[in-house]
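Here is how the chains run, residue by residue.
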Amino acid sequence: MIGRITGTLIESSPPTVCVQAGGLGYEIDVPMSTLYKLPPVGQTVTLHTHLAIREDAHVLYGFASPAERAAFRALIKVSGIGARIALSVLSGLSVEDLADAVERQESGRLVKVPGIGKKTAERLLLELRDKLGAVAGLARPDGAPVSAAGGNDVLNALQALGYSAAEARRAMGVLPEGLSVSEGIRQALKTLSRA
C-alpha cells in the first residue's frame with residue numbers, strides 16, 4: 001500500500017496530478033479541495049494516498065490531509081458509492097461539512113453535490129452515521145476547547161466507551177480550555193452522565 005507520496009508536482013490537469021518521486025511520475029486523482037491547496041508546478045508536495053487495485057487498473061487517490069483520506073475511505077465503503085462519487089463529495093464539501101451534514105442528517109447538503117441524488121444522499125446519511133466522528137476530529141482538532149492532540153484523544157476515548165460522535169462532541173463543547181486529556185475525559189463523562 002502506498003500511504004503517502006512526497007515529491008515534485010510536475011503536472012496538474014484536474015482531477016489528476018502527476019508527482020515525481022524517486023525517478024517515477026505518479027498519476028494521482030485528487031478532489032478539488034486538495035487541488036486548490038497544491039503548490040505551483042515545480043514545487044514539492046506531500047499527498048496522503050489511497051491505492052485502489054482493480055482488475056483493469058491500479059489507481060492512486062491523493063488528499064491534502066489524513067482526514068480527507070479517512071473520509072474518502074469511509075465513503076467508498078458505502079454500497080453504491082465508488083471512488084469518483086467519493087471524490088465528487090469531497091470536492092463539494094469539506095470533511096467538516098460532510099461530518100456535520102451526516103450528524104444533523106441533512107440530505108439537502110449532499111444532494112447539491114453532482115452525482116448524488118436523494119436516495120444516495122439518504123443512504124450516505126444512514127451508513128455514515130457514527131462513522132465520521134473521529135474523521136471530523138482530525139479535520140477540526142480545535143473543535144474541542146482542549147488542545148488539538150488532547151481533543152482527538154478525548155473524542156476517541158469517549159467513542160471507545162460507547163458514546164456516539166455527536167454525543168462526544170456535545171460533551172466536549174462545554175469543556176473549559178486548557179484541560180489535560182484525563183481531566184477532559186473525566187469532565188466530559190460527568191456531562192454525559194447528567195444528560
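Since we're looking at a predicted model, the values are computed, not measured.

Peer 1: Explain the pairing of strand β4 (residues 44–53) here, please?
Peer 2: Burial of β4 is extensive: 7 of the 10 residues sit out of reach of the surface. Where β4 and strand β5 (residues 58–63) come together, 6 bridges link them in antiparallel fashion. In the sheet register, H50 faces β5, and the bridge partner there is Y61. Connecting β4 to the next strand, β5, in antiparallel fashion are 4 residues.

Peer 1: Sorry if this is basic, but what is going on with the UniProt feature "domain: Helix-hairpin-helix DNA-binding motif class" (unreviewed entry) in the chain here?
Peer 2: With numbering aligned to this structure, UniProt lists the feature "domain: Helix-hairpin-helix DNA-binding motif class" (unreviewed entry) at residues 73–92 and 108–127. Along residues 73–92 the backbone is 70% helical and 0% strand, and the end-to-end C-alpha distance reaches 16 Å. The straight-line gap between the two end C-alpha atoms of residues 108–127 is 16 Å; of that span, 70% is helix and 0% is strand.

Peer 1: I keep staring at the nonpolar core and nothing clicks. Help me out?
Peer 2: Proteins that are soluble and globular tend to have nonpolar side chains buried together. Ranked by size, the top nonpolar core spans 29 residues in total, and within it L75 and L98 carry the most contacts. Among the elements of the structure, β5, α2 (66–76), α3 (83–92), α4 (95–104) and α6 (118–128) are those that each provide at least two residues to this core. In this view, L98 contacts A71, L75, V89, L90, L93, L110 and L132; residues no more than four positions away in its chain are not counted.

What counts and what doesn't
Residues numbered from 1 in each chain as written. Predicted model: local features only at pLDDT ≥ 70, side-chain atom pairs only at ≥ 80, totals over all residues. Heavy atoms only, no water. Buried < 20%, exposed > 50% of the residue type's maximum accessible area, 1.4 Å probe, protein only. Helix = DSSP H or I, 4+ residues; strand = E, 2+ residues; numbered from the N terminus. Pairing = 2+ DSSP bridges. UniProt positions renumbered as here; feature names shortened; annotations may be inferred. Core = buried A, V, L, I, M, F, W, Y, C linked by side-chain atoms within 4.5 Å. Contact = heavy atoms within 4.5 Å.

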